[in-house]
Amino acid sequence: MIPMVDLKKQFNDIREEVMDALKDILEGTQFILGPKVRELEEKIAGYHGVKEAVGVASGTDALHLSLKVLGIGEGDEVITTPFTFFATVEAILYVGAKPVFADIEPDTFNLNASEVEKKITKKTKAVIPVHMFGHPADMEKIREAASRHNLKVIEDCAQSFGASIAGRKTGSLGDAGCFSFYPTKNLGAYGDGGMIILNDKGAAEEARSLRNHGSKGGYIHGSVGFNSRLDEIQAGILLVKFKRIDDYNLKRRQKAALYTKLLSGKGCEPLGKVTCPSERPGAYHVYHQYTVTSPKRDELQAVLKENGISSTVYYPVPMHLQEALRGFGYKEGDFPAAERAAREVLSLPIYPELEDFDIGRIAGILNSV
Ligand SMILES: Cc1ncc(COP(=O)(O)O)c(C=O)c1O
């Protein structure tokens, strides 16, 4: 069986360092907002070349609190992609704003900047590009459109830690960057966690207060906030992995290149060849997922399963067709590129420790059907 991700292999490589970090924290007994959270915030801000970083309880909370501190609320419209994980949309709804979808680029699965332009109204206050699967969105065009209309840009970097475009890291290209440390992410904790990065000191202060019940310190509450703190234990584990993140991402890229080399132009009847992921010039894709497309996706997935190989459809239903969002009145056909992606995408196993031999086996099976 080849799984989508194997966290055990990675843990075995870093076991000693993780255990030492845990021992430190357990003996120090400062479990909430202690030195490890502060150290991680400083390191992640430095890595991205931004002034501030605020650890929070999840990627969803990072998006939610970013929207709040950037002043997005009731009656505002926020443009985002219909091809994402549901949390991107939930965060918009949490602040009382309306999610407005714009279709995606069929090759990168990212928000299409020209489609964003068409959706801007007087009520639009922000855009949330999602760097899908680890490929940076077209930030230059999105930022151009946003600055022309005075919109905030909040990057959903849940899948793109370490990705960059023209040498600039995702998360540092808008008004706020939001990360998830969900265990399977490129930089994953051993539980939930998230972080906001930004340059605005005032907004960062507000986020720090909101994550801790709106506290100004000493049981004085300036606003109604949340319990959304990054756990000290998670921060300790993340510091061990953070040291290795560039290497992990490089390995993911090598695995992806091998898949593409073995799969390109291959495949035979009746299921035909798959389309491999593409990279925009200047993009440093970090392959959170290696996602191929095929009109015969379901048949391919069945063949992989018969051969003991995991694969996953991220995501089978685009946001505008989700039952929970029925009230917005979207219908099938509204976003053809997103709908096609939902029908055709298939993510294959990828993680830094995946053996090249296994990639050869997976590609061999895909090429033989
Ligand atoms: C694109 C995207 N946005 C947001 C999230 C939410 O992150 P979390 O699970 O840490 O709340 C995820 C993670 O699953 C994601 O993939």
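Basis of the calculations
- Residues numbered from 1 in each chain as written.
- Predicted model: local features only at pLDDT ≥ 70, side-chain atom pairs only at ≥ 80, totals over all residues.
- Core = buried A, V, L, I, M, F, W, Y, C linked by C-beta atoms within 7 Å.
- Buried ≥ 20, exposed ≤ 12 C-beta atoms within 10 Å, placed from the backbone.
- Helix = DSSP H or I, 4+ residues; strand = E, 2+ residues; numbered from the N terminus.
- Domains from an automatic or database assignment.
- Contact = placed C-beta atoms within 7 Å.
- Pairing = 2+ DSSP bridges.
- Right-handed = clockwise from strand over helix to strand, strands pointing away.
- Near = placed C-beta within 6 Å.
- Nonpolar A, V, L, I, M, F, W, Y, C, P; charged D, E, K, R; others polar.
- Axes fitted to C-alpha atoms, helices over the stretch in contact; angles between N-to-C directions.

Asker: Please explain the nonpolar core as it appears in this structure.
Answerer: General note: in soluble globular proteins, nonpolar side chains tend to be found buried as a group. Judged by nonpolar contacts, the single largest core of 100 residues is most densely connected at Met195 and Ile196. With five residues, helix H3 (residues 59-69) is the largest single contributor of residues to this core. Looking at which domains feed residues into this core, each of domain 1 (7-102 + 109-242) and domain 2 (245-368) gives three or more. Leaving out residues up to four positions away in the same chain, Ile196 has contacts with Val54, Val56, Ala62, Leu65, Ser66, Ala176, Cys178 and Ala207.

Asker: Quick question: what am I supposed to make of the pairing of strand S2 (residues 77-80) here?
Answerer: The side chains of a regular strand alternate between both faces of the sheet. Pairing of S2 with strand S3 (residues 98-101) involves four bridges; the strand directions are parallel. Paired with Glu77 across the bridge in S3 is Lys98. With helix H4 (residues 87-94) bridging S2 and the parallel S3, this β-α-β connection has right-handed handedness. The sheet contact formed by S2 and strand S4 (residues 124-128) spans four bridges and is parallel. Across the sheet, Glu77 pairs through a bridge with Thr124, a residue of S4.

Asker: Quick question: what am I supposed to make of the sheet that holds strand S12 (residues 283-284) here?
Answerer: Sheet strands pair via backbone hydrogen bonds, and the direction of the pair is either parallel or antiparallel. Strand order in the open sheet made by the three strands is S7-S6-S12, with antiparallel pairing throughout. Only two strands of the sheet have a single partner each, and these edge strands are strand S7 (168-169) and S12. Both strand S6 (residues 164-165) and S12 contribute to a ladder of two bridges, which runs antiparallel. The partner of Ser164 across the bridge, within S12, is Tyr284.

Asker: How do you make sense of the site of the ligand when you look at a structure like this?
Answerer: Around the ligand, 15 residues are found, and the nearest of them are Ser58, Gly59, Thr60, Ala158 and Ser180. Here the residues of the shell around the ligand sort into five nonpolar, eight polar and two charged.

Asker: Where do I start with unusual backbone geometry in this structure?
Answerer: Generally, phi is negative for residues other than glycine and the peptide bonds are trans, each holding for most cases. In this structure, Tyr315 follows Tyr314 across a cis peptide bond, with omega equal to 5 degrees. Its place among the elements puts Tyr315 in the loop between helix H10 (297-306) and helix H11 (336-344). The phi dihedral of Thr29 is positive, around 55 degrees, even though this residue is not glycine. A count of 8 C-beta atoms within 10 Å places Thr29 in the exposed class.

Asker: I would appreciate a short explanation of the domain arrangement of the chain in the present structure.
Answerer: A common way to state how big an interface is: give the accessible area lost once the parts meet. According to the domain assignment, the chain consists of domain 1 (7-102 + 109-242) and domain 2 (245-368). A C-alpha centroid distance of 25 Å is found between domain 1 and domain 2. The interface is formed by 27 residues belonging to domain 1 together with 26 residues belonging to domain 2. Contributions of two or more residues to the side of domain 1 that touches domain 2 are made by helix H1 (7-28), S6 and helix H8 (232-242). Its residues assigned to classes, the side of domain 1 that touches domain 2 shows 15 nonpolar, nine polar and three charged.

Asker: Teacher, can you tell me more about the sheet that holds S2 here?
Answerer: Here we have seven strands laid out as an open sheet, ordered S1-S9-S8-S5-S4-S2-S3, and mixed in their pairing. Every other strand in the sheet has two partners, leaving strand S1 (52-56) and S3 as the edge strands with one partner each. Going across the sheet, the axis of each strand differs from the next one's by a mean of 25 degrees, ignoring polarity. Sheet analysis places S1 next to strand S9 (residues 194-198), joined by five bridges and oriented antiparallel. If you follow Val54 over to S9, its bridge partner there is Ile196. Running over the sheet, helix H7 (residues 201-210) touches S1 and S9 and is turned about 15 degrees from S1.

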